[in-house]
Amino acid sequence: MIQLIPAIDIINGQCVRLTKGDYSQMTVYSDSPSHVAQKFEQTGFHRLHVVDLDGAKSRHIVNDQVLREITQATQLTVDFGGGIKTDNDIRKAFDAGASMVTIGSIAVQQPELCMEWIERYGSERIILGADVRNGKISINGWKEDSDEDLLPFLKRFVESGICNVLCTEISKDGTLQGPAIELYQRVMDAYPDLHLIASGGVSSIEDIRALNEAGIPAVVFGKAIYEGKIDIKELINEFS
């Protein structure tokens with residue numbers, strides 16, 4: 001059964017969503033991310049994906065206090081990403097209550113440091129973020145595309161023990177146009193033991209059913225909830 005992970009993206013302490021990672025296409029849904037997290041917990045979710053978009057843009061954690069408010073207000077298992085570049089950043093995230101962290105840009109720019117983190121904190125606490133645009137890994141808040149192709153990029157970390165990968169198809173993110181199922185299937189075909197978390201484009205329960213039928217282990221989604229495209233109770237009942 002696919003694991004359901006709602007998302008909270010944070011800018012200026014607010015719960016927001018972008019379209020295709022474009023900071024100029026931002027919608028604010030709440031001034032209190034912790035309140036949104038509490039609603040998710042009350043509805044029946046157990047996991048939460050939190051992204052510090054200010055941090056991703058600034059290249060260091062910015063909203064660790066908001067993360068702390070969420071983890072203190074709920075019992076949700078929270079993974080946190082955005083701006084984790086240094087030992088200090090990763091400590092800040094864990095100190096603020098994150099159960100796991102998502103590392104993306106730094107995995108491209110300083111893979112050796114990420115290998116150290118996997119060894120120090122354990123592979124179960126590190127999620128490799130693989131944000132893809134035109135087949136290339138994108139970095140620094142999706143503002144830059146690297147020269148890294150997706151599957152070779154993943155191979156290096158799978159061989160180092162990584163087991164959790166969050167893969168976002170940027171062209172789909174925030175569009176409500178459906179997930180990139182073929183992309184995720186290619187990843188699963190190459191690395192069948194990965195706990196792959198699909199992200200981007202989910203618009204309906206039908207999309208989540210399709211991901212489940214394709215054998216994708218987990219899915220992150222946000223805009224479809226905030227825009228009322230998904231009946232959360234129906235979703236929980238079907239996939240719990």
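Look up: the structure comes first, before these words.
Residues numbered from 1 in each chain as written. Predicted model: local features only at pLDDT ≥ 70, side-chain atom pairs only at ≥ 80, totals over all residues. Heavy atoms only, no water.

Description of the overall build of the protein
Thinking step 1. A tally of helices and strands in the protein yields 11 helices and 12 strands.
Thinking step 2. The C-alpha atoms of the protein give a radius of gyration of 16 Å, which matches the 18 Å a tight globule of 240 residues would have.
Thinking step 3. Expressed along its principal axes, the backbone C-alpha trace of the protein runs to roughly 40 × 40 × 35 Å.
Thinking step 4. Counting every position in the protein, which comprises 240 residues, the buried fraction comes to 59%.
Thinking step 5. For the protein, contacts bridging at least 24 residues in sequence account for 66% of all contacts bridging at least 6.
Thinking step 6. Approximately 10000 Å² of the protein is accessible, and the part contributed by carbon and sulfur atoms is 43%.
Thinking step 7. Treating the 23 positive side-chain charges of the protein as one cloud and the 35 negative ones as another, the clouds have centres 3 Å apart. (Helix = DSSP H or I, 4+ residues; strand = E, 2+ residues; numbered from the N terminus. Rg over C-alpha atoms; globule rule 2.2 N^0.38 Å. Buried < 20%, exposed > 50% of the residue type's maximum accessible area, 1.4 Å probe, protein only. Contact = heavy atoms within 4.5 Å. Areas by Shrake-Rupley, 256 points an atom, 1.4 Å probe, with all protein chains shown as cover. Lys, Arg positive; Asp, Glu negative; His and termini not counted. Charge placed at Lys NZ, Arg CZ, Asp CG, Glu CD.)

A look at the nonpolar core
Thinking step 1. In terms of nonpolar packing, the biggest core is built from 71 residues, with Leu4, Trp117, Ile208 and Phe221 touching the most fellow members.
Thinking step 2. With five residues, the top contributor of residues to this core is helix 6 (residues 111–121).
Thinking step 3. The residues touching Leu4, leaving out its near neighbours within four places in the chain, are Phe45, Arg47, Ile208, Val219, Phe221, Leu235, Ile236 and Phe239.
Thinking step 4. Ala7, Met100, Ala218 and Val220 belong to the second-largest nonpolar core, a separate cluster that totals eight residues. (Core = buried A, V, L, I, M, F, W, Y, C linked by side-chain atoms within 4.5 Å.)

Some thoughts on the pattern of salt bridges
Pairs may arise between side chains of opposite charge once their charged atoms sit close together.
Thinking step 1. Evaluated as defined, the whole model comprises 10 salt bridges.
Thinking step 2. A salt bridge links Arg120 to Asp87; the shortest N-O distance between them is 3.4 Å. Residue Arg120 is located in helix 6, and its partner Asp87 is located in helix 4 (residues 87–95); the two are separated by 33 residues in the primary sequence.
Thinking step 3. The class for Asp87 is partly exposed, based on a relative accessible area of 26%.
Thinking step 4. As a salt-bridge pair, Glu159 and Lys155 come within 2.5 Å of each other at their nearest N and O atoms. (Salt bridge = Lys/Arg side-chain N within 4 Å of Asp/Glu carboxyl O.)

Section: the packing of helix 7 (residues 150–158) against helix 8 (residues 181–190)
Thinking step 1. Between helix 7 and helix 8, the shortest axis-to-axis distance is 11 Å and the interhelical angle comes to 40°. Comparing the axis directions of helix 7 and helix 8 gives the class oblique. With respect to the hand of their crossing, helix 7 and helix 8 are arranged in right-handed fashion. In contact with Leu150, Leu151 and Leu154 of helix 7, helix 8 contributes Leu183, Arg186, Val187 and Ala190.
Thinking step 2. Tallied by class, the residues present in the contact of helix 7 with helix 8 amount to six nonpolar, no polar and one charged. (Axes fitted to C-alpha atoms, helices over the stretch in contact; angles between N-to-C directions. Parallel < 35°, antiparallel > 145°, perpendicular 65-115°, else oblique. Left-handed = near helix turned anticlockwise from the far one by under 90°. Nonpolar A, V, L, I, M, F, W, Y, C, P; charged D, E, K, R; others polar.)

Here we look at unusual backbone geometry
Thinking step 1. Here Asn12, not a glycine, exhibits a phi torsion of approximately 50°, which is positive.
Thinking step 2. As for its placement among the helices and strands, Asn12 is situated in the loop between strand 1 (3–11) and strand 2 (14–19).
Thinking step 3. The exposed category is assigned to Asn12, whose relative accessible area is 61%.
Thinking step 4. Residue Asn134 is not a glycine yet carries a positive backbone phi of 55°.
Thinking step 5. Mapped onto the elements, Asn134 comes out in the loop between strand 7 (126–133) and strand 8 (136–139).

Structural notes on the pairing of strand 2
Thinking step 1. Counting buried positions over the six residues of strand 2 gives five, a clear majority of the element.
Thinking step 2. Judged from the three bridges that link them, strand 1 and strand 2 form a sheet pairing that is antiparallel. Of the residues in strand 2, the one forming a bridge with Asp9 is Val16.
Thinking step 3. In sequence, strand 1 turns back onto strand 2 through a hairpin of two residues, with Asn12 there showing a positive phi of about 50°. (Pairing = 2+ DSSP bridges.)

Purely spatial values, then, with no claim about function.
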